[in-house]
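Given next are the chains, with one letter for each unit.
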Amino acid sequence: ATTEYLSQNSCMYINFECLSTKHFLASLTNAFHFYAGSEACLGDLQHLLGDVTGSLQTLSHCLQGRQQHLGEKHRLTLRTLVDLSAVYHDTGDLDSAFEFVAEAAQGFAAIGDKLDPDYLSAMMTKAIILKDRKEYKLAQPIFQEIIPLFEKLWGEHDVRTLSCYTHACHNLLSLGNGDALVDFLSGVVNNLSQAPFYQAMLSQEWKEIIKFANNVLAAQQSSSQRSLTFKPGFKAVEKLGAAIAGYESL
């Protein structure tokens, strides 16, 4: 009865062909251990506390266990790949970070739900790593794909969406496309001014975006600025200035 229930309800892989009750119970215990995620939580906590070496060891062991007991395409296995990618990113090993998150993103994409939070998290991490590897042209279409999905799933004022906005702005800045950057910022800042006041008071992400927008506005108006290019007579900067003024008047 236990094997039938697990087969139908847990989405876990366990070697049910083992004849030894002792071996079966050991396999069952290991499967629940990796399924429950206690080891993954420990690895994430170590990462949060700055123990990068310990986090890599814990998450690598967790990944091996989940691949063995749950399968390489299981959602929890894919999440562990994203966790490992984040740790490698913080160590500066961007190649390893990209390798892990690319595999995770491909796995979540195969599920077929683009509004899946795990898919969006993996794709955003992938775009950020590409940005940090200075592969801005490869990162840009990913940001363009996921921003509307973030807005649809969580709304324009959610901190996850705002974080995505911020990374997308920095990518546009690195590309040097002043027109696209100012257009994008104008819409973002205007949306912020429509949000509930308590969110504006609490969200550090919002303050960072407003600071960023003011810096871009100042750069556009400075004749000495050479990192951004603007079309002659470009008027969107006026929209950005108006949007900032509207937000700051809250």
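Structure shown above.
Rules used in this analysis
Residues numbered from 1 in each chain as written. Predicted model: local features only at pLDDT ≥ 70, side-chain atom pairs only at ≥ 80, totals over all residues. Heavy atoms only, no water. Helix = DSSP H or I, 4+ residues; strand = E, 2+ residues; numbered from the N terminus. Buried < 20%, exposed > 50% of the residue type's maximum accessible area, 1.4 Å probe, protein only. Areas by Shrake-Rupley, 256 points an atom, 1.4 Å probe, with all protein chains shown as cover. Salt bridge = Lys/Arg side-chain N within 4 Å of Asp/Glu carboxyl O. Core = buried A, V, L, I, M, F, W, Y, C linked by side-chain atoms within 4.5 Å. Expected span 1.5 Å × (residues − 1). Bend = angle between axes of the 7 residues up to and from the residue. Contact = heavy atoms within 4.5 Å. Polar contact = N/O pair within 3.5 Å; in protein donor to acceptor, adjacent residues only side chain to side chain. Phe/Tyr/Trp six-rings, centres within 6.5 Å; stacked < 30°, edge-to-face > 60°. Lys NZ or Arg CZ within 6 Å of the ring centre and 35° of its normal. Disulfide = S-S within 2.5 Å. Axes fitted to C-alpha atoms, helices over the stretch in contact; angles between N-to-C directions. Parallel < 35°, antiparallel > 145°, perpendicular 65-115°, else oblique. Left-handed = near helix turned anticlockwise from the far one by under 90°. Nonpolar A, V, L, I, M, F, W, Y, C, P; charged D, E, K, R; others polar.

Draft legend 1. Representation of the overall build of the chain in the model. Of the regular secondary structure elements, the chain holds 13 helices and zero strands. Helices and strands appear in the chain in the N-to-C order α-α-α-α-α-α-α-α-α-α-α-α-α. Out of the 250 residues belonging to the chain, those deemed buried represent 43%. Total accessible area on the chain stands at roughly 13,300 Å², and carbon and sulfur atoms take up 54% of it.

Draft legend 2. Here's a closer look at the pattern of salt bridges. Inspection of every chain in the model, using the stated rule, returns eight salt bridges. Across the pair Arg75 and Asp116 runs a salt bridge, and its minimum N-O distance is 2.8 Å. Taken together, the residues span a long stretch of sequence, with Arg75 in helix α5 (residues 75-91) and Asp116 in the loop between α6 (94-111) and α7 (117-132) at a distance of 41 residues. The partly exposed category is assigned to Arg75, whose relative accessible area is 29%. The salt bridge partner of Lys114 is Glu145, with a shortest N-O separation of 3.3 Å. Of this pair, Lys114 sits in the loop between α6 and α7 while Glu145 is found in helix α8 (residues 136-154), placing the two residues 31 residues apart along the sequence.

Draft legend 3. Highlighting the nonpolar core. Membership of the largest hydrophobic core comes to 48 residues, with the highest contact counts inside it found for Phe143, Ile146 and Leu185. Residue assignment for this core shows that the elements contributing at least two residues are α4 (52-69), α5, α6, α7, α8, α9 (159-175), α10 (178-192) and α12 (204-221). Among the elements that make up this core, the one with the highest residue count is α7 (nine residues).

Draft legend 4. Local environment of unusual backbone geometry. We note that Lys134 has phi near 65°; this positive angle belongs to a residue other than glycine. Along the chain, the position of Lys134 falls in the loop between α7 and α8.

Draft legend 5. Structural detail: α8. With 19 residues, α8 ought to run about 27 Å at 1.5 Å a step, and its terminal C-alpha atoms sit 25 Å apart, in line with that. When the local axis directions of α8 are compared, the greatest deviation, roughly 25°, occurs at Ile146, which is followed within four positions by the proline Pro148. Buried within α8 we find Tyr136, Ala139, Gln140, Ile142, Phe143, Ile146, Ile147, Leu149 and Phe150. Gly155, located one to two residues past α8, shows a positive phi value of around 95°.

Draft legend 6. Structural context of the environment of Arg75. Note: C-alpha distance between Arg75 and Gly107 (32 residues apart in sequence) is 8.3 Å. When sequence neighbours within four positions are dropped, the list of residues in contact with Arg75 reads Phe108, Ile111, Asp116 and Asp118. There is a polar contact of 2.7 Å between the side chain of Arg75 and the side chain of Asp118.

Draft legend 7. View of the packing of aromatic side chains. Within this structure, the stated rule accounts for three aromatic pairs. Measuring from centroid to centroid gives 5.5 Å for Tyr88 and Phe100, while their planes differ by 10°, and the two rings are stacked. Linking Tyr88 in helix α5 with Phe100 in helix α6, this pair joins segments that are 12 residues apart in sequence. Exposure remark for Tyr88: the relative accessible area of 19% places this residue in the buried category. Taking the centre distance of 5.7 Å and the plane angle of 80° together, the rings of Tyr165 and Phe184 count as edge-to-face. Of the two residues, Tyr165 sits in helix α9 while Phe184 sits in helix α10, which places them 19 residues apart along the sequence. In this structure Tyr165 comes out as buried when scored by relative accessible area, which is 1%. Relative accessible area serves as the criterion here: at 21%, Phe184 is assigned to the partly exposed category. Its guanidinium or amino end placed over the ring of Phe98, Arg133 lies 4.6 Å from that ring's centre, counting from NZ or CZ.

Draft legend 8. Up close: the state of the cysteines. Within this structure, the stated rule accounts for zero disulfides. Here Cys164 stays unpaired: no disulfide links it, and the sulfur of Cys169, its closest cysteine neighbor, is 9.8 Å away.

Draft legend 9. Seen up close, the packing of helix α3 (residues 38-48) against α4. One can describe the packing of α3 onto α4 by two numbers: an axis separation of 8 Å at closest approach and a directional angle of 160°. Relative to α4, the element α3 lies roughly antiparallel. Here the hand of the crossing between α3 and α4 comes out left-handed. Across from Glu39, Ala40, Leu42, Gly43, Asp44, Gln46 and His47 in α3, the residues of α4 making contact are Gly54, Ser55, Thr58, Leu59, His61, Cys62 and Arg66. When the residues that make up the contact of α3 with α4 are grouped by side-chain class, the tally is four nonpolar, seven polar and three charged.

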